[in-house]
Amino acid sequence: MSIVGTWTFHYSWGCNGVYSQDEVTFNSDGTFADSQGGAGNWSEDPGMMELQYSPPLRTNYSGNVQGNAMVGMSTTFSGFEGCWYAIKDGTQTFTRAQREPTHELAGIERSK
C-alpha cells in the first residue's frame, strides 16, 4: 500500500503526550509538503516509511505503516527526539466510547 495522499500527523517532541498537528501530502514522485510550508523527500518499503525535511530543517521521521495509519519516531540533527502517529485523510475514526459495545448490541440481557 502506498502512502501517497494527505495525512494528518500528530507529533510530540520529547514524547511528553502533548501533540501538535500538521497536514502532510505525500506525492507519487517521492516528495512531500506540509501545511506549515515545510517540504522534503520520502521513501517507503513494505510496512515502513521515512521522510526527511529539506534544509534548513532536516528533521527525519521514520515509522511503521499499517493500512491508513502510521506510527514512529522523529529526530533532528541537533538532538531533538519525538513520537508521532498519522491517520490518512478520509479514514473513519471512533472514540473509545463509540467502540464499546452496548449490552443490547452485544446480545446480552441485563438481569434485574
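Below is a summary of the structure that appears in this document.

Here the focus is the environment of D89. Locating D89 in the fold gives a position in the loop between β8 (81-88) and α1 (96-99). Distance in space between the C-alpha atoms of D89 and W7 is 5.2 Å, their sequence separation being 82 residues. Residues in contact with D89, not counting those within four places in the same chain, are T6, W7, T8 and E23.

What follows is about the state of the cysteines. A complete count under the given rule lists one disulfide for this structure. Shown here is the disulfide that connects C15 with C83, its sulfur atoms set 1.9 Å apart. The S-S bond linking C15 to C83 shows a torsion near 105°; that makes this disulfide right-handed. Taken together, the positions of C15 in the loop between β1 (5-13) and β2 (20-26) and C83 in strand β8 put the pair 68 residues apart, joining distant regions of the chain. Classification of C83 as buried rests on a relative accessible area of 17%.

A separate point is the side chain of K88. In this structure, K88 sits in strand β8. Among buried charged residues, K88 stands out as having no salt bridge; its nearest opposite-charge side chain is E44, 8.6 Å away.

Another point: the sheet that holds strand β4 (residues 39-45). The antiparallel closed barrel is built from eight strands, whose spatial order is β1-β2-β3-β4-β5-β6-β7-β8. Direction aside, the axes of adjacent strands within the sheet are offset by 30° on average. Taken together, the seven bridges between strand β6 (residues 60-66) and strand β7 (residues 69-75) define a ladder with antiparallel strand orientation. Of the residues in β7, the one forming a bridge with G63 is G72.

Time to look at unusual backbone geometry. Along the chain, P55 connects to P56 via a cis peptide bond; the corresponding omega equals 10°. As for its placement among the helices and strands, P56 is situated in the loop between β5 (48-53) and β6. For C15, which is not glycine, the phi torsion reads 50° and is therefore positive. Positive phi, close to 55°, is recorded for R58, a residue that is not glycine. Locating R58 in the fold gives a position in the loop between β5 and β6. The exposure class of R58 is partly exposed, given its relative accessible area of 35%.

Another aspect to go through is the nonpolar core. Counting residues in each nonpolar core, the largest one holds 16 residues, and the members touching the most others are I3, F9, F26, M49, L51, M70 and W84. Among the elements of the structure, β1, β2, β5, β6 and β8 are those that each provide at least two residues to this core. In this structure, I3 is in contact with F26, W42, E44, M49, V65 and M70, ignoring residues within four places of it in sequence.

On the surface, Y19, V71 and Y85 cluster together into a nonpolar patch covering about 270 Å² of accessible area. As for its placement among the helices and strands, V71 is situated in strand β7.

The rules we used
- Here the residue index of a chain counts from 1 through its sequence in written order.
- Local features in a predicted model are, by the rule used here, given only for residues with pLDDT of at least 70; side-chain atom pairs are given and counted only at 80 or more, and totals for whole chains, interfaces and linings are based on all residues.
- Water and hydrogen atoms play no part in the side-chain values, which are based on all heavy atoms of the structure.
- Each helix is a run of H or I in the DSSP string that is no shorter than four residues. Each strand is a run of E no shorter than two, and both are numbered from the N terminus.
- By definition, residues are in contact when any of their heavy atoms lie within 4.5 Å.
- Cysteine sulfur atoms are paired as a disulfide whenever they fall within 2.5 Å.
- Each residue is placed in one exposure class: buried if its accessible area under a 1.4 Å probe, protein chains only, is under 20% of its type's maximum, exposed if it is over 50%, and partly exposed if it falls in between.
- Here the positive residues are Lys and Arg and the negative ones are Asp and Glu; neither His nor the chain ends is included.
- Each reported salt bridge corresponds to a side-chain nitrogen of Lys or Arg within 4 Å of a carboxyl oxygen of Asp or Glu.
- Here, a strand pair is defined by DSSP locating no fewer than two bridges between the strands.
- Between the N-to-C directions of two axes lies an angle of 0 to 180 degrees, each axis being a line fitted to C-alpha atoms and, for a helix, fitted only over the stretch in contact.
- Residues belong to one nonpolar core when they are buried, are Ala, Val, Leu, Ile, Met, Phe, Trp, Tyr or Cys, and are joined through side-chain atoms within 4.5 Å.
- Patch rule: a residue counts if its relative accessible area is over 30% and it has no salt bridge; like charges are joined within 9 Å, and nonpolar side chains (Val, Leu, Ile, Met, Phe, Trp, Tyr) within 5 Å.
- Here the Shrake-Rupley method, with its probe set to 1.4 Å, supplies the accessible areas, and only the displayed protein chains count as covering residues.

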